[in-house]
Amino acid sequence: MKNIKDKKILDACCGGRTFWFQKEHEKTLFIDIRQPETFTTGIGTNKRTRHIKPEVIMDFRSMDLPDNHFSLVVFDPPHLLNVGDNSYTAKMYGKLGKNWKSDLTKGFSECFRVLKPDGILIFKWCEYDIPLKDILELTPVKPLFGHKSGKQQKTHWITFMK
């Protein structure tokens, strides 16, 4: 694995880095379980090229990273259950499996493990298939505050402090 000594931020499910303004931020380690991939969606003027761009292939449920290392962790796991495996949404954002509760519980545990004391975890969740309240039951740390966003107000940005 590449040297993470200078990395202060972890994106535990980076995918296409869609919400990042600084998509190549030098102090951020971008990981994802998926292999790098480029694919095209749409047709005509709506045609777009998308990229899945992890620096390191790693599973958020079991991260080969040191304890108490990162000052900031971003956790935006897949949030859809009912989406086709080869759909644009699954390719771009991933898909939850049958063991989603266990997977997300392990993910939260790992994110807090690699986070420094007093470090911040930013969690993004869209409650399209699963309500946020069900997800917050899976984390050992209570959230500080959050914000609903999106046209239908289904996407939540939640902030935790370890």
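Everything numeric here is computed off the predicted structure, so don't read it as measured data.

This brings us to helix α2 (residues 100-114). Counted at 1.5 Å a residue, the expected span for α2 with its 15 residues is 21 Å, and the 21 Å between its end C-alpha atoms agrees. Those residues of α2 not exposed but buried are Trp-100, Asp-103, Leu-104, Gly-107, Phe-108, Glu-110, Cys-111, Phe-112 and Val-114. Residues of α2 that are buried make contact with β1 (9-11), β6 (70-75), β7 (115-126), α3 (132-136) and β9 (155-161).

What follows covers the pattern of salt bridges. Considering all chains together, one arrives at 11 salt bridges under this definition. For Arg-17, the salt bridge is made with Glu-24, and the minimal N-O distance between the two is 3.5 Å. For Lys-95, the salt bridge is made with Asp-85, and the minimal N-O distance between the two is 2.9 Å. One end of the pair, Lys-95, is in the loop between α1 (88-93) and α2; the other, Asp-85, is in the loop between β6 and α1, with 10 residues separating them in the sequence. By relative accessible area, Asp-85 is classed as exposed at 57%. Here the residues in one salt-bridge network are Arg-17, Glu-24 and Lys-53, joined through shared partners.

This part covers the sheet that holds β1. Strand order in this open sheet of 7 strands is β5-β2-β1-β6-β7-β9-β8, and the pairing throughout is mixed. Every other strand in the sheet has two partners, leaving β5 (56-57) and β8 (145-149) as the edge strands with one partner each. In the sheet, strand β2 (residues 28-32) pairs with β5 via 2 bridges, with the strands oriented parallel. Bridge pairing in β5 links Asp-32 to Ile-57. α2 rests against β1, β6, β7 and β9 of the sheet, and its axis sits at about 145° to β7.

Rules behind the numbers
Sequence order sets the numbering: in each chain, residues are counted from 1 along the sequence as written. For a predicted model such as this one, the threshold for reporting local features is a pLDDT of at least 70, and the threshold for listing and counting side-chain atom pairs is 80 or more; totals across whole chains, interfaces and linings nevertheless cover every residue. As a convention, hydrogens and water are excluded, and side-chain values are obtained from all of the structure's heavy atoms. Strands here are runs of E lasting at least two residues and helices are runs of H or I lasting at least four, both read from the DSSP assignment and numbered beginning at the N terminus. One fewer than the residue count of a helix, multiplied by 1.5 Å, yields its expected span. The cut-offs for exposure are 20% and 50% of the maximum accessible area for each residue type, with area from a 1.4 Å probe on protein chains only; residues under the lower value are buried, those over the upper are exposed, and the others partly exposed. The contact rule is simple, with two residues in contact once any of their heavy atoms fall within 4.5 Å. The term salt bridge refers to a pairing of a side-chain nitrogen on Lys or Arg with a carboxyl oxygen on Asp or Glu at a separation within 4 Å. The rule for pairing is simple: two strands pair if DSSP sees at least two bridges between them. Helix axes are fitted only over the stretch in contact, all axes being lines through C-alpha atoms; the angle between N-to-C directions runs from 0 to 180 degrees.

Purely geometric stuff here, so don't read any function into it on its own.
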